[in-house]
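Chain and residue survey
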Amino acid sequence: MTRILLEDVTVLTLDRRKPLLERQRILIDGGVIAAVARRVDAPLEARRIDCSGMIAMPGLVNAHSHLTEILQRSFRDNLPMEIWRGERARTEERARLGPEEISAAAELACAEMLKSGVTAVVDHFSTRPGLSVPKMEAILSAFERTGIRGVLVPSVRDRDFVRMASLPANRRKERTEPEPWREEVQEIIGRLRRGRSLSGLMLGPSSPLNCSDGLLREVAAMAQRLDLGIHTHLLETRLQSWAAARLYPGTLCGHLAKLGFLSSRLSAAHGVWLTDREIDLLAASGASVVHNPASNLKLGSGIAPVAKLRNRGVNVALGTDGGDTSDTYSIFEQMKLAACLSRVAGTNPDDWVTAEDALAMGTVNGAEAIPAWRGKIGRIKSGYRADLVLLKPGLRLRPLTDPVRQLVFSAGGGDAVHTVLVDGKIVLEAGRLTGVDENALSRRIEPLGKKMYRLYRLERNKRDRSQSAAALLYRRLNREKRAPL
Ligand SMILES: [Zn+2]
């Protein structure tokens, strides 16, 4: 295993008392950070990298995303989520993407992330029509080719909450439409465990509203039995909040707590419409929330109650959501948005997300949200896996006076990312990906993007039953003049 010695580097510690350590050496041995200090003796055969003028920061963690949605990047504009999602799903349904195409899409998203300093990603993978082992393997192979640390979360659901909640209570019967996932997921888990892969798997109900109680109970039990994390969307939109109130009078999270679904295994994306009582339940359970500010803004979903979550002790991480809703996979962008949005969400400056807070949310909090990564990545510290980013400050960071603040407020998508290591392996060197031929990847992706766009044009402006119901409900909710955010 390669030993690497990073010499003369400024280390971003995420420690408030001493956020920066200058003229450090970092010794990486067998994928692990073996030492961080002014003086470190390295074996003669260690590869030495002169990092003078560079800053080492922990790799960024994208704790909620959908990689294949990159194929529909920027297709849609002013539509609420439930209508948006219907168009995307039907476009995918027509495209019938095969493993090759899925893998190319995931590789593009992973390549983009590595180049902007994201070293670990959670891919909440939904695919139409239906999940299969080759499709999941296609995502894993993209993780492996690019060298990113990835967790695959196959999305499962067995009902449509919009159609269900729009019916009056006396006509509402649980009608489930199960999709295959159990054997497929177990096969992938077996493969990952046999191969001692860098990649992992978590269970991923699409959202509790789209799952029957039976499915949620089964997921919680399987996670316990196989020691897996669980990832889901939670109360992302106003329509979901309305539906949750109709379907679960004692609050959705209250219902989930009764099912045994809330625990430290769980990371829940969005949480925009959580009530105070639900935030308390999440805090008590040890679950994490993943804030996706770009997606929430673009879809008009609202602003997540980040200050309340943090004040009650909930771990808040960051995610980009899919490439079609937030347009990029940049965590630098989410850090800046999270910091700025917090100032619109509340007037008390003590509650605002500072640059230090945002950096923690984009790194160590992301690691804490994922059981397999907890305590292993997210910091540059002896004993942690060597997932780190070397930044070479360019013009956007000049004059360089306060790197912590400037990285959040002026780095803009990681212009300064120079070299990236994942598990001690160099995956980006001086701006060039080591595992990806960018030109060849672009040549594979362009015709695929054109195919998707052609199919999307056939589907846009059409409404299926679920979308028509959602449009009607949004009109009603807007008339009720509930607070827009
Ligand atoms: Zn999502």
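Residues numbered from 1 in each chain as written. Predicted model: local features only at pLDDT ≥ 70, side-chain atom pairs only at ≥ 80, totals over all residues. Heavy atoms only, no water.

Turning our eyes to something else, we now look at the coordination of the zinc ion. Surrounding the zinc ion are the protein donor atoms His64 (NE2), His66 (NE2), His233 (NE2) and Asp321 (OD), at 2.1 to 2.2 Å. Each of the 4 donor atoms bound to the zinc ion contributes to angles spanning 88 to 169°, and the resulting shape is irregular. Donor residues for the zinc ion sit on one chain with the sequence pattern H-x1-H-x166-H-x87-D. In this pair, His233 is assigned in strand E11 (residues 230–234) and Asp321 in the loop between strand E14 (315–318) and helix H12 (331–345), connecting sequence segments 88 residues apart. Judged by its relative accessible area of 12%, His233 is buried. (Donors = N, O, S within 2.8 Å, 3.2 Å for Na, K, Ca; no water. Tetrahedral: all angles 85-135°; square planar, octahedral: opposite > 155°, others 65-115°. Helix = DSSP H or I, 4+ residues; strand = E, 2+ residues; numbered from the N terminus. Buried < 20%, exposed > 50% of the residue type's maximum accessible area, 1.4 Å probe, protein only.)

For the rest of this paragraph, the subject is the pairing of strand E2 (residues 20–29). Here strand E1 (residues 3–12) runs beside E2; their pairing, made up of 7 bridges, is antiparallel. Of the residues in E2, the one forming a bridge with Ile4 is Ile28. As defined by bridge partners, E2 adjoins strand E3 (residues 32–37) across 5 bridges and the pair is classed as antiparallel. Counterpart to Ile26 in the pairing with E3 is Val36. Between the end of E2 and the start of E3, which pair antiparallel, lie 2 residues, with Gly30 showing a positive phi angle near 60°. (Pairing = 2+ DSSP bridges.)

Our focus in this paragraph is the environment of Thr13. On the secondary structure map, Thr13 appears in the loop between E1 and E2. With 164 residues separating them along the chain, Thr13 and Glu177 place their C-alpha atoms 49 Å apart. Those residues in contact with Thr13, other than ones at most four positions away along the chain, are Lys18, Pro19, Leu20, Leu21 and Arg379. Side-chain polar atoms of Thr13 contact the backbone nitrogen of Asp15, separated by 3.0 Å. (Contact = heavy atoms within 4.5 Å. Polar contact = N/O pair within 3.5 Å; in protein donor to acceptor, adjacent residues only side chain to side chain.)

Let us look at helix H5 (residues 182–195). Across its 14 residues, H5 extends 20 Å between first and last C-alpha, which sits within 8% of the 20 Å expected from 1.5 Å per residue. Those residues of H5 that fall on the buried side of the exposure criterion are Glu184, Val185, Ile188, Ile189 and Leu192. What you see down the axis of H5 is that its buried residues fit within an arc of 135°, all on one side. Away from its buried face by more than 90 degrees, H5 exposes Glu183 and Arg194. (Expected span 1.5 Å × (residues − 1). Arc of directions from axis to C-beta.)

Judged by side-chain charge, Arg246, Arg463, Arg475, Arg476 and Arg479 come together as a positively charged surface patch. Sorting elements by how many residues they give to the positive patch places helix H17 (residues 465–479) first, with 3 residues. Note on placement: Arg475 falls in helix H17. (Patch = residues over 30% accessible without salt bridge, like charges linked within 9 Å, V, L, I, M, F, W, Y side chains within 5 Å. Areas by Shrake-Rupley, 256 points an atom, 1.4 Å probe, with all protein chains shown as cover. Salt bridge = Lys/Arg side-chain N within 4 Å of Asp/Glu carboxyl O. Lys, Arg positive; Asp, Glu negative; His and termini not counted. Charge placed at Lys NZ, Arg CZ, Asp CG, Glu CD.)

Looking now at the side chain of Ser301. For Ser301, the position within the fold is in the loop between helix H10 (293–298) and helix H11 (306–311). Apart from residues no more than four positions distant in its own chain, Ser301 is found in contact with Glu236, Thr237, Val272, Trp273 and Asn296.

Further remarks concern the sheet that holds strand E13 (residues 288–291). The strand order E11-E12-E13-E14 describes an open sheet built from 4 strands, whose pairing is parallel. Each edge of the sheet is formed by a strand with only one pairing partner; in this case those strands are E11 and E14. Going across the sheet, the axis of each strand differs from the next one's by a mean of 30°, ignoring polarity. Bridge count between E11 and strand E12 (residues 266–270): 5 bridges; the pairing is parallel. Within E12, the residue paired with His233 across the bridge is Ala269. (Axes fitted to C-alpha atoms, helices over the stretch in contact; angles between N-to-C directions.)

It is the contact of helix H1 (residues 81–95) with H17, at a shortest axis distance of 9 Å, that shows an interaxial angle of 165°. With respect to their mutual orientation, H1 and H17 come out roughly antiparallel. Note that H1 runs across H17; the crossing there is left-handed. Of the residues in H17, those touching H1 at Glu82, Ile83, Gly86, Glu87 and Arg90 are Gln467, Ala470, Ala471 and Tyr474. Taken together, the residues that form the contact of H1 with H17 break down as 4 nonpolar, 2 polar and 3 charged. (Parallel < 35°, antiparallel > 145°, perpendicular 65-115°, else oblique. Left-handed = near helix turned anticlockwise from the far one by under 90°. Nonpolar A, V, L, I, M, F, W, Y, C, P; charged D, E, K, R; others polar.)

Pro129 follows Arg128 through a cis peptide bond whose omega is -5°. As for its position among the elements, Pro129 is in the loop between strand E7 (118–125) and helix H3 (133–146). Residue Pro399 follows Arg398 across a cis peptide bond; omega there is -5°. Mapped onto the fold, Pro399 is located in the loop between strand E15 (388–391) and helix H15 (403–409). In this structure, Ala430 takes a positive phi of about 45° despite not being glycine. Positioned with a positive phi, Asn461 is a non-glycine residue whose angle comes to about 70°. Mapping Asn461 onto the fold places it in the loop between helix H16 (438–459) and H17.

With that out of the way, let us pick up the pattern of salt bridges. Close approach of charged atoms allows side chains of opposite charge to pair. Within the structure shown, the criterion is met by 34 salt bridges. The partner of Asp15 in a salt bridge is Arg17, and the shortest N-O contact between them spans 3.3 Å. A relative accessible area of 28% means that Asp15 is categorised as partly exposed. In this structure, a network of salt bridges that share partners links the residues Glu69, Arg76, Glu87, Arg88 and Asp324.

Attention shifts here to the pairing of E12. Of all 5 residues in E12, 5 are buried; the element is thus mostly enclosed. In this sheet, E13 lies alongside E12 in parallel orientation, the contact comprising 3 bridges. Looking at E13, one finds that Ser267 is bridged to Ser288. Crossover handedness for the path E12 to helix H9 (residues 276–285) to E13: right-handed. (Right-handed = clockwise from strand over helix to strand, strands pointing away.)

Next up on the list: the packing of H5 against helix H6 (residues 213–226). Where H5 contacts H6, the axes come no closer than 13 Å and their chain directions differ by 20°. Viewed along their axes, H5 and H6 adopt a mutual orientation that is roughly parallel. In the packing of H5 onto H6, the handedness of the crossing is right-handed. Residue-level contacts link Arg182, Gln186, Ile189 and Arg193 of H5 to Glu218, Met222, Arg225 and Leu226 of H6. When grouped by side-chain class, the residues that make up the contact of H5 with H6 number 3 nonpolar, 1 polar and 4 charged.

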